[in-house]
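# Close look at the chain arrangement
As a plain string of letters, each chain reads:
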Amino acid sequence: MRTATDRSLRLKIGLFVLSLFVALSADTPVESTTSFGPIEFTVLRNGESDRRYIWLHGDEKTAEKALKKHIARYQGTAFLIRNHERIIRIDGLRLDPNRIFTPDGTSKTLMKYHPEASRKKREAIVELLNEGRENFLRQLSPPEGGLLVAVHNNSRGYSLDSELHDADDFTEKPGVTKYHGSLSEPMGKQGRRYVNVEVRLGRLKQQRRMLAYLEEHLP
Ligand SMILES: [Zn+2]
């Protein structure tokens, strides 16, 4: 026998299940993929937000973990390179993925790792990335007033090499432009806020706290 009370109870249970589903799914970023030329990225999107995050160096596993945990909790869109090494390979040649955000930087990173490769082969890769750059940056760039956060790790060996991260960008004299090809360059040109969150490899808690700090202190 069905009564009004049964129906009301079923409705309540239905609403409870629905709200539970909404609550759980709100914390689950939607996953998709995109690419910068031949370089593939996983995209994790959590809600509508002007926050963008990027993880570029495949061996910096602490930064990857920190970002994945962060984007599951806070709104924003994270771009994670699909690579397990620091260096990417295109057509057999190695490049630093944080040196390919300008044509000049791309030429230089190729020249650094492969001075022996033919000019033609290097130029073909530069061209390939030139073709894909604008589309990728359009997806990655935060809207005006937003924020892009790059996550990195350093370790004893790496921190001595100023080529690898953006630290050298911040010690330049004003008005002096060096074309390193790091992500800070197009963000600077577009006038977008860009923050580099870098900690020693293995310091997961510290990196998570820094990301949470930005969330709470940078509007
Ligand atoms: Zn890095």
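Given the structure is predicted, the values throughout are model-derived calculations rather than measurements. (Residues numbered from 1 in each chain as written. Predicted model: local features only at pLDDT ≥ 70, side-chain atom pairs only at ≥ 80, totals over all residues.)

This brings us to the overall build of the protein. For the protein, the count of helices and strands is seven helices and eight strands. The buried share among the 219 residues of the protein stands at 29%. Contacts in the protein between residues at least 24 apart in sequence constitute 68% of all its contacts with a sequence separation of at least 6. (Helix = DSSP H or I, 4+ residues; strand = E, 2+ residues; numbered from the N terminus. Buried ≥ 20, exposed ≤ 12 C-beta atoms within 10 Å, placed from the backbone. Contact = placed C-beta atoms within 7 Å.)

We now examine the environment of Gly58. Along the chain, Gly58 falls in the loop between strand E3 (51–55) and helix H2 (61–73). Linking Gly58 and Pro97, residues 39 residues apart in sequence, is a C-alpha distance of 9.4 Å. Residues within four places of Gly58 in sequence aside, it is in contact with Ile81, Asn83, His84, Glu85 and Arg86.

Of all hydrophobic cores here, the largest spans 34 residues; its most connected members are Tyr53, Ile54, Trp55, Leu67, Leu148 and Val151. Elements with a contribution of two residues or more to this core: strand E2 (39–46), E3, H2, strand E4 (76–81), helix H4 (119–140), strand E7 (147–154) and strand E8 (193–200). Per-element accounting of this core gives the leading share, five residues, to E7. In this structure Ile54 touches Phe79, Leu140, Leu148, Ala150 and Leu183, once residues within four positions along its chain are discounted. (Core = buried A, V, L, I, M, F, W, Y, C linked by C-beta atoms within 7 Å.)

Before going further, it helps to spend a moment on the confidence of the model for the protein. Of the residues in the protein, 77% reach a pLDDT of 70 or more, and the chain-wide mean stands at 86. Scored below 50 in pLDDT, residues 158–164 makes four contacts in the model with residues more than four places away or belonging to other chains. This stretch, residues 166–175, has a pLDDT under 50; its non-local contacts, to residues over four places away or in other chains, come to nine contacts. (pLDDT = per-residue confidence, 0-100.)

In contact at an axis separation of 9 Å, H2 and helix H7 (residues 204–217) are set at 45° when each is read in the N-to-C sense. The orientation of H2 relative to H7 falls into the category oblique. Between H2 and H7 lies a crossing whose hand is right-handed. Only Leu204, Gln207, Arg208 and Leu211 of H7 make contact with H2, whose side of the interface consists of Thr62, Ala63, Lys65, Ala66, Lys69 and His70. Class assignment of the residues belonging to the contact of H2 with H7 gives a composition of four nonpolar, three polar and three charged. (Axes fitted to C-alpha atoms, helices over the stretch in contact; angles between N-to-C directions. Parallel < 35°, antiparallel > 145°, perpendicular 65-115°, else oblique. Left-handed = near helix turned anticlockwise from the far one by under 90°. Nonpolar A, V, L, I, M, F, W, Y, C, P; charged D, E, K, R; others polar.)

Here the focus is the pairing of strand E1 (residues 30–36). Regular strands show a simple pattern: their side chains alternate between the two faces of the sheet. Summarising the sheet, E1 and E2 pair through seven bridges and their orientation is antiparallel. Following the sheet pairing, Glu31 is matched in E2 by Leu44. Hairpin connection between E1 and E2: a loop of two residues separates the two successive antiparallel strands, and Gly37 in this loop has a positive phi of roughly 60°. (Pairing = 2+ DSSP bridges.)

Now for unusual backbone geometry. Located in the positive-phi region is Asp91, a residue other than glycine, with phi close to 50°. Relative to the helices and strands, Asp91 is located in the loop between strand E5 (88–90) and strand E6 (93–95). Given 11 C-beta atoms within a 10 Å radius, Asp91 is considered exposed.

With that settled, the discussion passes to the pairing of E4. Of all six residues in E4, six are buried, a share of seventy percent or more. The alternating pattern of E4 places Gly76, Ala78 and Leu80 on one face and Thr77, Phe79 and Ile81 on the opposite face, and all of these are buried. Bridge count between E2 and E4: six bridges; the pairing is antiparallel. Residue pairing for E4: Thr42 is matched across the bridge by Leu80.

Okay, the environment of Pro97 next. Note that Pro97 resides in the loop between E6 and helix H3 (103–113). In sequence terms Pro97 and Ile81 are 16 residues apart; their C-alpha atoms lie 9.0 Å from each other. The residues touching Pro97, leaving out its near neighbours within four places in the chain, are Ile39, Leu56, His57, Ile81 and Ile88.

Taken together, the six strands give an open sheet; going across it, the order is E1-E2-E4-E3-E7-E8, and neighbouring strands pair in mixed fashion. Each edge of the open sheet carries a strand with a single partner, namely E1 and E8. The average angle at which neighbouring strand axes cross in this sheet is 25°, direction not considered. Both E7 and E8 contribute to a ladder of eight bridges, which runs parallel. Looking at E8, one finds that Ala150 is bridged to Asn196. Together, E7 and E8 form the strand contacts of H7, whose direction differs from that of E8 by roughly 160°.

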